[in-house]
Amino acid sequence: MAVGVFDLFSIGIGPSSSHTVGPMRAAAVFAEELRASGALERVASLRVDLYGSLAATGHGHGTMTAILLGLEGFHPELILPEEVESRLASIAETGTLRLAGAGGGGGMALPYGVEDMVLRPLTVLPRHTNGMTFTVSDAAGDVIHAATFFSIGGGFIVREGEEDAALQELEESKKELPLPFRTAAELLEHCRARGLSISEVMFVNERASRSEEEIRAGLLHIYSVMEACVQTSLKREGLLPGGLKVRRRAPDWHERLLKEDKDRDGRYWQEWVNLVALAVNEENASGGRVVTAPTNGAAGIIPAVLYYALHYAPGMDQATQADRDYAVVRFLLAAGAVGVLYKEQASISGAEVGCQGEVGSASSMAAAGLAEVMGGSPAQVENAAEIAMEHNLGLTCDPIGGLVQVPCIERNAIAAAKAINAAKMALWGDGTHRVSLDEVIITMRETGKDMSSKYKETAMGGLAVNVVEC
């Protein structure tokens, strides 16, 4: 199907959409196919091969444990945090995996764990650096079922050999959209020809597959998960998991803000924005429940900027709950429209184009959403998105220890502030500007191609090698 707002904003678990959510989804698909084939009872052995970035930083990103859960049949958008903990504890204790066992039926018990996975960090498959192969064999050693998948960013997956078919299906599905667009120029033309805002164009397209009430309810649910993520994070204290000994800051910051800013003084807007961004990404780093926006590594930016929109945008202090809900829906639709442009013309995968594709895209999307709810014209919204990405170009992905912690958590707060400033700059203009959003997206894609693989989520360059882990 054509990429929509609910593809870009999906519920999953941390710490990474490309290294946790995507691999779990791929493993779950493989398990479901095996069960549907009727050959599950013949399985005697399982092999999982991880390639490229998945192998290089998989331990820090929770890739291996996510795959175990997926092989049991759990999907990232449905599994509950307590299920994650209980099943991983059981696998670790017993050394046994319940292949395709989620949802009843028992599955096939196999002796298998993280240590059994085959890691090939220096082997990059042609399609994408995030490759994985699942193979099951019978007692005689004959292969029963095998499949290779690629996790291409934002939790999206594609199967080897079906790339062309998937692309063709995507193109065909876009023909069914009332107002299809691949570029910002096409999006703006729809706005001009129909007299619509960017969020309204996206809404019209979403109505091709959902009712108006389903769209509204779905987006408000997405926002509620974002809010719940912040509240959960504020209750946690201590160090983040993984061995870097990174201290959680959100609870202490929240306590301080409640004391210093009792009346929600506008002077403290950036401290609150920083808090939301940090809280979301600390929860993500803990493997908690988050919304990919459009990735897990950049999950805090859009909630933080949306928080600004609801608390500090002009007129919001007098807004009714209905007004606030309407603002949330418009914000996410406009942000989603810009997200489509990045998916169509470039990438949102840090392993493919660096952090500019994750944090940069999220900052651009957030800037568009904020400009939209603050009354920006389509041209101003497009300008806001362009400014935000233009000043994230070349951003590398070099996580220390392969963990989505340093520099990822603070980077979300910095990018949220960039998005807010970009929206304000665009709204002080008339929408005309020298560099178009399409040009900056193409530049991001080309920059990603030129970027050394050391700086694309491999933990082989930058901060990852210049900072001592312990």
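The rules behind these values
- Sequence positions are assigned chain by chain, starting from 1 and proceeding in written order.
- The predicted nature of this model means local features are confined to residues of pLDDT at least 70 and side-chain atom pairs, given and counted, to a pLDDT of 80 or more, with totals for whole chains, interfaces and linings taken over all residues.
- Processing note: side-chain calculations cover all non-hydrogen atoms of the structure and skip hydrogens and water entirely.
- Only strands that DSSP links by at least two bridges are regarded as paired with each other.
- Helix numbering and strand numbering both begin at the N terminus, where a helix is a DSSP run of H or I of at least 4 residues and a strand a DSSP run of E of at least 2.
- Angles shown run from 0 to 180 degrees and are taken between the N-to-C directions of axes, each axis being a line fitted to C-alpha atoms and, for helices, limited to the stretch in contact.
- Here is the rule: rings of Phe, Tyr and Trp (six-membered ring for Trp) pair when centre to centre is within 6.5 Å. Planes less than 30 degrees apart are stacked, more than 60 are edge-to-face, and the remainder are tilted.
- For every residue, the accessible area (1.4 Å probe, protein chains only) is compared with the maximum for its type, and the residue is labelled buried under 20%, exposed over 50%, or partly exposed between those bounds.
- By the criterion adopted, a ring carries a charge over it if an Arg CZ or a Lys NZ lies within 6 Å of its centre and within 35 degrees of its normal.
- Each angle gets one of four labels, with under 35 degrees taken as roughly parallel, over 145 as roughly antiparallel, 65 to 115 as roughly perpendicular, and the rest as oblique.
- Contacts between residues were defined by any pair of non-hydrogen atoms, one from each residue, lying within 4.5 Å.
- Three residue categories are used. Nonpolar comprises Ala, Val, Leu, Ile, Met, Phe, Trp, Tyr, Cys and Pro, charged comprises Asp, Glu, Lys and Arg, and polar comprises the others, including Gly.
- Definition of nonpolar core: a set of buried residues of the types Ala, Val, Leu, Ile, Met, Phe, Trp, Tyr and Cys, connected through side-chain atoms within 4.5 Å.
- Take a side-chain nitrogen of Lys or Arg and a carboxyl oxygen of Asp or Glu: if they are within 4 Å of each other, that pair is a salt bridge.

## A look at the sheet that holds strand E5 (residues 118-120)
One open sheet holds the five strands; their spatial order is E5-E2-E6-E7-E8, and the pairing between them is mixed. A single partner strand is all that each edge strand has here, and the edge strands are E5 and strand E8 (156-159). The average angle at which neighbouring strand axes cross in this sheet is 20 degrees, direction not considered. As paired elements, strand E2 (residues 45-51) and E5 share three bridges and run parallel to each other. Bridge pairing in E5 places Leu-50 opposite Leu-119.

## What to know about the packing of aromatic side chains
Summed over the entire model, instances satisfying the criterion amount to five aromatic pairs. Between Phe-134 and Phe-149, the ring centres sit 6.1 Å apart and the planes meet at 55 degrees, which makes this aromatic pair tilted. Placement of Phe-134 in strand E6 (residues 131-137) and of Phe-149 in strand E7 (residues 143-153) is noted, with a sequence separation of 15 residues between them. The exposure class assigned to Phe-134 is buried, which follows from its relative accessible area of 0%. What makes Phe-149 buried here is its relative accessible area of 3%. Ring geometry for Trp-269 and Tyr-308: centres 5.2 Å apart, planes at 75 degrees, overall edge-to-face. Residue Trp-269 is located in helix H11 (residues 269-285), and its partner Tyr-308 is located in helix H12 (residues 301-312); the two are separated by 39 residues in the primary sequence. According to the relative accessible area criterion, Tyr-308 is buried, its value standing at 5%. Directly above the ring of Phe-156 sits Lys-343, whose terminal nitrogen or CZ lies 3.9 Å from the centroid.

## Here we look at the packing of helix H4 (residues 63-71) against helix H5 (residues 81-94)
Axes are the key here: two packed helices are described by the angle between their axes and the distance separating the axes. H5 packs onto H4 with a crossing angle of 95 degrees between their chain directions and a minimal axis gap of 11 Å. The orientation of H4 with respect to H5, classified from their angle, is roughly perpendicular. Contacts from Thr-65, Leu-68 and Leu-69 of H4 reach H5 at Val-84, Arg-87, Leu-88 and Ile-91. Classifying every residue of the contact of H4 with H5 gives five nonpolar, one polar and one charged.

## Notes on the nonpolar core
Judged by nonpolar contacts, the single largest core of 104 residues is most densely connected at Phe-9, Ile-301, Ile-302, Val-305, Phe-331, Leu-332 and Leu-370. The residues touching Ile-301, leaving out its near neighbours within four places in the chain, are Val-359, Ala-362, Ser-363, Ala-366, Asn-412, Ala-415 and Ala-416. Listed in part, the 31 residues of the second largest apolar core include Ala-55, Leu-68, Leu-97 and Tyr-112.

## Re the pattern of salt bridges
By the definition in use, this model includes 19 salt bridges. A salt bridge links Asp-252 to Arg-247; its shortest N-O distance comes to 3.3 Å. Since its relative accessible area comes to 40%, Asp-252 is described here as partly exposed. Exposure remark for Arg-247: the relative accessible area of 47% places this residue in the partly exposed category. Note that Glu-260 and Arg-256 form a salt bridge whose closest N and O atoms lie 2.6 Å from each other. In this pair, Glu-260 and Arg-256 are both assigned in helix H10 (residues 250-260), four residues apart and thus about one turn of the helix distant. Several salt bridges share partner residues, and in doing so they unite Glu-33, Arg-159 and Glu-162 into one network.

## Points about unusual backbone geometry
Trans peptide bonds make up the majority, and among non-glycine residues the majority have a negative phi. Here the amide bond leading from Gly-14 into Pro-15 is cis, since omega sits at 10 degrees, within 30 degrees of zero. By the element assignment, Pro-15 lies in the loop between strand E1 (10-13) and helix H2 (17-37). Notably, Glu-457 is not glycine yet its phi reads approximately 60 degrees, a positive angle. Relative to the assigned elements, Glu-457 resides in the loop between helix H18 (437-450) and helix H19 (463-466). You can call Glu-457 buried: its relative accessible area is 2%. Of note in this structure, Ala-459 is not a glycine but carries a positive phi near 60 degrees. When you line up the elements, Ala-459 lands in the loop between H18 and H19.

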